[in-house]
Amino acid sequence: MEERSEMKMKERIWEENKKIWRVGFPAMLARVTQFGMLVVTQAFIGNLGEDQLAGYALIQIISVRFANGILVGMSSATETLCGQAFGAKQQHMMGMYLQKSWIINFITATLLLPVFIFSSKIFQALGQETQVSEIAGYISYWFIPVLYSFCFTFSVQKFLQTQMKNLVVGWLSAASFVVHVFLSWILVSVLGWGIPGAMTSMIISNWFILVGMLVYVFGGWCPLSWTGFSSAAFSDLFPILKLSISSGVMLCLEFWYNAVLVVLAGYMKNATTLVSAMSICLNVTAWEFMFCFAFLVASSVRVSNELGRGDAKAAKFAIKVIISISISVGIVFFILCLALDKQIARIFTNVETVIQAVSKLSVLLAFSVLLNSFQTVLTGVAVGAGRQSMVAYINITSYYIVGVPLGVVLGYVANLQIQGIWIGMIVGVVMQVSILGYITSTTDWDQQVKRASDRLGRFMITSNDENSQRERLLIS
């Protein structure tokens, strides 16, 4: 009897693993390659000079991370609603959620434009070096077309992954990465176009992904979830806007956390070197986060699908399996960061002072990547359950009431410099993970099933209602 029970458990774990990786692998491939395009651009621009590297670091980690955090976060509302709708077999609602997300994200991206237009003055007002700020301001103009690709791309990705059709996103992203590397080499190394060449390649590669996904969605590969445009997308936006704002705040507080640390590093002696070193370390943690992002996506999709389906036990089982896998991946990256040490920095720069600064942070870097494996799963579980507002409050407390002040004290008062700032960051993440872990382990998942049902009921439009609304739109 025990053997049969053990075999049955192994089968359940294996089946859950297949579901996790069916969603997680394409998500991982997409995020790694899309983030890889930013890193490739940094490598090409970084080889133009130390000021160019520091300028790109400012715009990428502060302005781009700022906008990216808002738009990814706002799009996670689509992830919650589409995931639960798919689980409840209400696929006809998914296209409506996608259109609402596009409207909200486009308006949001437009409101973010001043951050990119006036970024040079913003950085100077924050006390950054004038020359570096001017270079960052110039690069920021080139990121505006990328910003508008983000406002559509993130929503489509979440729309596809919640119905387990995101393999196309992974392959499009991988192909785009190859195109980006080749174009960057041609435009920067061969033609010598410098920053304009690197950023032109970035723009082309990002829009390539978006156009490919739209062809897939509009071309009939999502017949149940995409039934065409509808005027109903413009109605009842406020409830989804409210969830989107909660989602945006939740992820922004995480993304901005690292940006604050870069700003703090900019006030220290040898600011250019320290900002460059911090940028490299944060790129490494972000790259590893892209791997762990697969588990954020998988936990969100699996939890939202099972809650929409009304199966609380399956949701809890999925969480346990995903946490086990994610921690194993985190341990591997922890060991790699300790083993590689100085070799990591040489990927991005040949400046010896920056390499030495990165080497001093290798132990702290290793702990940061390990924490990512916990953080991503627990955040994904919260997104799947639609609990973004709760996570936002936890992030404010952990990061900005504890982590940042502690980093300032250790960095400036205790004179631990950049190491002190990073220690403060780690303490904040540990606090966040501990609170989320406790809440997840004590959650009444049967109650979450009821809440998911109530949430879907508020936005319900029947297939016939949707068709009639679309017909009225076409007639008018």
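Procedures and definitions
- Residues numbered from 1 in each chain as written.
- Predicted model: local features only at pLDDT ≥ 70, side-chain atom pairs only at ≥ 80, totals over all residues.
- Heavy atoms only, no water.
- pLDDT = per-residue confidence, 0-100.
- Helix = DSSP H or I, 4+ residues; strand = E, 2+ residues; numbered from the N terminus.
- Contact = heavy atoms within 4.5 Å.
- Buried < 20%, exposed > 50% of the residue type's maximum accessible area, 1.4 Å probe, protein only.
- Axes fitted to C-alpha atoms, helices over the stretch in contact; angles between N-to-C directions.
- Parallel < 35°, antiparallel > 145°, perpendicular 65-115°, else oblique.
- Left-handed = near helix turned anticlockwise from the far one by under 90°.
- Nonpolar A, V, L, I, M, F, W, Y, C, P; charged D, E, K, R; others polar.
- Salt bridge = Lys/Arg side-chain N within 4 Å of Asp/Glu carboxyl O.
- Phe/Tyr/Trp six-rings, centres within 6.5 Å; stacked < 30°, edge-to-face > 60°.
- Lys NZ or Arg CZ within 6 Å of the ring centre and 35° of its normal.
- Patch = residues over 30% accessible without salt bridge, like charges linked within 9 Å, V, L, I, M, F, W, Y side chains within 5 Å.
- Areas by Shrake-Rupley, 256 points an atom, 1.4 Å probe, with all protein chains shown as cover.
- Lys, Arg positive; Asp, Glu negative; His and termini not counted.
- Charge placed at Lys NZ, Arg CZ, Asp CG, Glu CD.

## Quick notes on the confidence of the model for the chain
The share of residues in the chain with pLDDT of 70 or more is 92%, and the mean pLDDT across the chain is 84. Ranking the helices and strands of the chain by mean pLDDT puts helix α8 (residues 195-221) first, with 94, and helix α18 (residues 463-475) last, with 41. A low-confidence stretch, residues 463-476 stays under pLDDT 50, and its non-local contacts, those more than four residues away or across chains, total 16 contacts.

## Brief notes about the side chain of serine 176
Among the secondary structure elements, serine 176 is positioned in helix α7 (residues 167-190). Take serine 176: its relative accessible area is 0%, and that puts it in the buried class.

## What about the packing of α7 against α8?
Running from N to C, α7 and α8 point in directions that differ by 160 degrees, and their axes come no closer than 8 Å. What the angle tells us is that α7 and α8 run roughly antiparallel. In this structure, α7 crosses over α8, and the sense of that crossing is right-handed. Considering only residue class, the contact of α7 with α8 consists of 15 nonpolar, 10 polar and no charged.

## Re the pattern of salt bridges
Inspection of every chain in the model, using the stated rule, returns six salt bridges. One salt bridge in this structure joins arginine 302 and glutamate 16, with 2.7 Å as the shortest N-O distance. One end of the pair, arginine 302, is in helix α10 (residues 271-309); the other, glutamate 16, is in helix α1 (residues 2-46), with 286 residues separating them in the sequence. Judged by its relative accessible area of 2%, arginine 302 falls in the buried class. Glutamate 16 sits in the buried class, given a relative accessible area of 5%. Across the salt bridge formed by lysine 158 and glutamate 79, the nearest N and O atoms sit 3.2 Å from each other. Of this pair, lysine 158 sits in helix α6 (residues 144-161) while glutamate 79 is found in helix α2 (residues 50-87), placing the two residues 79 residues apart along the sequence. The class of lysine 158 is buried, set by a relative accessible area of 6%. Through salt bridges with shared partners, one network takes in Glu16, Arg302, Glu306 and Arg309.

## A closer look at the packing of aromatic side chains
In the structure shown here, the tally under the stated rule is 16 aromatic pairs. With a centroid separation of 5.6 Å and an interplanar angle of 10 degrees, the aromatic rings of tyrosine 216 and tryptophan 221 are classed as stacked. Taken together, a centroid distance of 5.2 Å and an interplanar angle of 40 degrees make the contact between phenylalanine 218 and tryptophan 226 tilted. By relative accessible area, which is 40% here, phenylalanine 218 ends up partly exposed. You can call tryptophan 226 buried: its relative accessible area is 10%. Three or more aromatic residues joined by ring pairs make a cluster, and in this case those are Trp102, Phe106, Tyr148, Phe152, Phe218, Trp226 and Phe229. The ring of phenylalanine 317 has arginine 12 sitting right over it, with the charged end atom 3.9 Å from the ring centre.

## Some thoughts on the environment of valine 404
Its place among the elements puts valine 404 in helix α15 (residues 388-413). Separated by 313 residues in sequence, valine 404 and glutamine 91 have C-alpha atoms that sit 43 Å apart. The residues touching valine 404, leaving out its near neighbours within four places in the chain, are Tyr257, Val260, Leu264 and Tyr399.

## What about unusual backbone geometry?
At lysine 89, a position not held by glycine, the phi torsion is positive, near 60 degrees. Mapping lysine 89 onto the fold places it in the loop between α2 and α3 (94-117). When its relative accessible area of 67% is taken as the criterion, lysine 89 is described as exposed. Its identity is not glycine, yet asparagine 415 carries a phi of approximately 60 degrees, on the positive side. Considering the arrangement of structural elements, one finds asparagine 415 in the loop between α15 and α16 (417-441). Overall, asparagine 415 belongs to the exposed group, its relative accessible area being 52%.

## Some thoughts on a nonpolar patch on the surface
The grouping of Ile117, Phe118, Ile122, Leu126, Tyr138, Tyr141, Tyr267, Val409, Tyr412 and Val413 at the surface amounts to a nonpolar patch, some 920 Å² of accessible area in total. Where the nonpolar patch is concerned, the elements lending two or more residues are α5 (130-142) and α15. Residue tyrosine 267 is classed as partly exposed on the basis of its relative accessible area, which comes to 42%.

## Some words on a positive patch on the surface
A surface patch of positive charge is lined by Lys8, Arg12, Lys313, Lys316 and Lys320. If you list the elements that add at least two residues to the positive patch, you get α1 and α11 (312-340). Residue contributions to the positive patch peak at three residues, all from α11. Looking at where lysine 8 falls in the secondary structure, it is placed in helix α1.

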